[in-house]
Amino acid sequence: MSLSLDKLRLLRRQAGDATAAASDPAIAPARGSAATDTGAPGDMGGAPLPAAANDARARTPAPASVFGWVEQEIRHKPTGAAARENAPAVPAVPVSVPAPALRRPEIGGLRRLLGLRDRGISTATPRGNAADRHVPGEEIAPGLFLIESFVAQAIPTEPLSLAFARREGEQVQPRDLLFFDTETTGLAGGTGTRAFMIGAADWHTHPERGDGLRIRQLLMTTMAAEAAMLREFAGWLQPGTVFSSYNGRCYDAPLLKTRYRLARQRCPITPLDHVDLLFPTRRRYRGTWENCRLATIERQLLQIVREDDLPGSEAPAAWLNYLRGGSAVNLRRVAEHNHQDVVTLALLMRRLVAEEQRDRETLALQAIDAV
């Protein structure tokens, strides 16, 4: 708050200051009058004082009265630009901007994705609606489950001709065939896509159940279990193994080869033979049904109807949901879908071989009739 000279003089008069009248030009007599002109040396009446006299007056001690001291301070206090120039420099106070709050990581989720957990103890944090976390099969390595089943059926006794695949004169032993299919984290391919499940079926003689189709599935529930899954799958292969799949030559096999290279493991797939059933199926049945998807072929050709089947396109979401602490219900449905896929491949192989053999017999009979 600023105090002007007029207000100060009014306060001095109200307080009864004796010097108020002398300093107030409205009350004090004019300079040079008889009452005030004492003829003291140096007094020049109403004429302005020279600069030396002003300097001398400025160096005079402050009056004893408090009002006089305040008045002197007001008269000699610089204002405006002069006050801003003579003002002492105030050091700038650095303004500290608080750092943005970092998101606290979910320790349980990180440990689960990295596979850092004790054997047999799941560190996943189930959500409120995810009470069912049961994964089928037996845990054979941290985060890796083996699901085994057996379907009793007769094993072909004769070598199977590959003429249906336009491989004339070639045959394969039934017990050398390995029907396989993968469930992956996406369909884009590339290094970012993983196979979280590998299903394989082969004709096998069980010591107790006899002849039939043995189905083995590997399911990993952590990212860190991939190396163990690849090693286990490589142990199922023999030098004479012949792969059989449905579009596996273009998708499943290249994907697994990439995963073996990234895991720095020797790839056991490259040196083995591969019979892809998609291409001969398309050549034979294109235009017969709406498409040649495996589900369509098994329904129309093999008379197999799936119940409560989870589409393969939903498999990635089911696995990722489980990894994030969700329910295992859909993950078990993925295992059932994969199980049916490899069983269908074995049935489709036998059907294509039989169809090709029947066509050749028909052509032979027509040739005989023509002669």
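My aim in this report is to walk through the structure given alongside it, one point at a time.

Rules behind the numbers
Residues numbered from 1 in each chain as written. Predicted model: local features only at pLDDT ≥ 70, side-chain atom pairs only at ≥ 80, totals over all residues. Heavy atoms only, no water. Helix = DSSP H or I, 4+ residues; strand = E, 2+ residues; numbered from the N terminus. Buried < 20%, exposed > 50% of the residue type's maximum accessible area, 1.4 Å probe, protein only. Areas by Shrake-Rupley, 256 points an atom, 1.4 Å probe, with all protein chains shown as cover. Polar contact = N/O pair within 3.5 Å; in protein donor to acceptor, adjacent residues only side chain to side chain. Contact = heavy atoms within 4.5 Å. Pairing = 2+ DSSP bridges. Axes fitted to C-alpha atoms, helices over the stretch in contact; angles between N-to-C directions. Phe/Tyr/Trp six-rings, centres within 6.5 Å; stacked < 30°, edge-to-face > 60°. Salt bridge = Lys/Arg side-chain N within 4 Å of Asp/Glu carboxyl O. Core = buried A, V, L, I, M, F, W, Y, C linked by side-chain atoms within 4.5 Å.

## Some thoughts on the overall build of the protein chain
Secondary structure summary: the protein chain contains twelve helices and nine strands in total. Put simply, the protein chain has 371 residues, and 37% of those count as buried. Taken as a whole, the protein chain presents about 22300 Å² of accessible surface, with 55% of it coming from carbon and sulfur.

## Description of the side chain of His337
Within the element layout of this structure, His337 appears in helix H12 (residues 329-370). A polar contact of 3.0 Å, which involves the side chain of His337, links it to the side chain of Arg306. Aside from chain neighbours lying at most four places away, what touches His337 is Glu183, Arg306, Asp309, Leu310 and Gly312.

## Considering the sheet that holds strand E9 (residues 273-276)
Judged by pairing direction, the sheet is mixed, and its seven strands sit side by side in the order E1-E2-E7-E6-E5-E8-E9 without closing on themselves. Looking at the sheet topology across the chains shown, the edges are occupied by strand E1 (138-141) and E9. Averaged over all pairs of adjacent strands, the angle between their axes in this sheet comes to 30°, without regard to strand direction. With four bridges joining them, strand E8 (residues 242-245) and E9 adopt parallel strand pairing.

## So, the packing of aromatic side chains
What the rule picks out here adds up to six aromatic pairs. Measuring from centroid to centroid gives 5.0 Å for Phe196 and Trp319, while their planes differ by 10°, and the two rings are stacked. With Phe196 in strand E6 (residues 195-206) and Trp319 in helix H11 (residues 315-323), this residue pair connects regions lying 123 residues apart in the sequence. Take Phe196 and Trp319: they sit in the same class, and that class is buried.

## Comments concerning the pattern of salt bridges
Going through the model one piece at a time under the given rule, you end up with 18 salt bridges. With its nearest N and O atoms 2.7 Å apart, the salt bridge here joins Arg214 to Asp202. Here Arg214, found in strand E7 (residues 210-220), pairs with Asp202, found in strand E6; they are twelve residues apart in sequence, far enough to count as distant. Across the pair Asp341 and Arg306 runs a salt bridge, and its minimum N-O distance is 2.5 Å. Here Asp341, found in helix H12, pairs with Arg306, found in the loop between helix H10 (294-300) and H11; they are 35 residues apart in sequence, far enough to count as distant. You can call Asp341 buried: its relative accessible area is 8%.

## Side note on the environment of Thr184
Within the secondary structure, Thr184 is located in strand E5 (residues 177-184). What makes Thr184 buried here is its relative accessible area of 6%. On a C-alpha basis, the gap between Thr184 and Trp319 in space is 9.0 Å, while along the polypeptide they are 135 residues apart. One polar contact links the side chain of Thr184 to the main-chain carbonyl oxygen of Gly186, over a distance of 2.7 Å. Within the structure, the side chain of Thr184 is placed 2.9 Å from the side chain of Tyr251, a separation counted as a polar contact.

## Things to note about the pairing of strand E2 (residues 144-152)
Examined bridge by bridge, E1 and E2 share three bridges and lie antiparallel to one another. Within E2, the residue paired with Glu138 across the bridge is Leu146. Counting the residues that bridge the hairpin from E1 to E2 gives two residues, and of these Gly143 lies at a positive phi of roughly 80°.

## Quick look at the nonpolar core
Ranked by internal contacts, the top residues of the largest apolar core, which has 42 residues, are Leu144, Phe196, Phe233, Phe243, Leu256 and Ile269. Counting residues per element, the ones that place at least two in this core are E2, E5, E6, E7, helix H7 (226-235), helix H8 (252-262), H11 and H12. In this view, Leu256 contacts Phe180, Thr182, Ala195, Ile198, Leu230, Phe233 and Ile269; residues no more than four positions away in its chain are not counted. Counting 32 residues, the second-largest nonpolar core is a separate cluster that includes Leu160, Val242, Leu301 and Ala346.

## Some words on the pairing of E5
Most of E5 sits inside the fold, with eight of its eight residues counted as buried. On E5, burial covers both faces: Leu177, Phe179, Asp181 and Glu183 on one face and Leu178, Phe180, Thr182 and Thr184 on the other are all buried. Where E5 and E8 come together, three bridges link them in parallel fashion. Within the sheet, the bridge partner assigned to Leu177 lies in E8 and is Val242. Relative to E6, E5 is paired through six bridges, and the arrangement is antiparallel. Counterpart to Phe179 in the pairing with E6 is Ala201.

Limitation: the analysis is restricted to geometry and does not speak to function.
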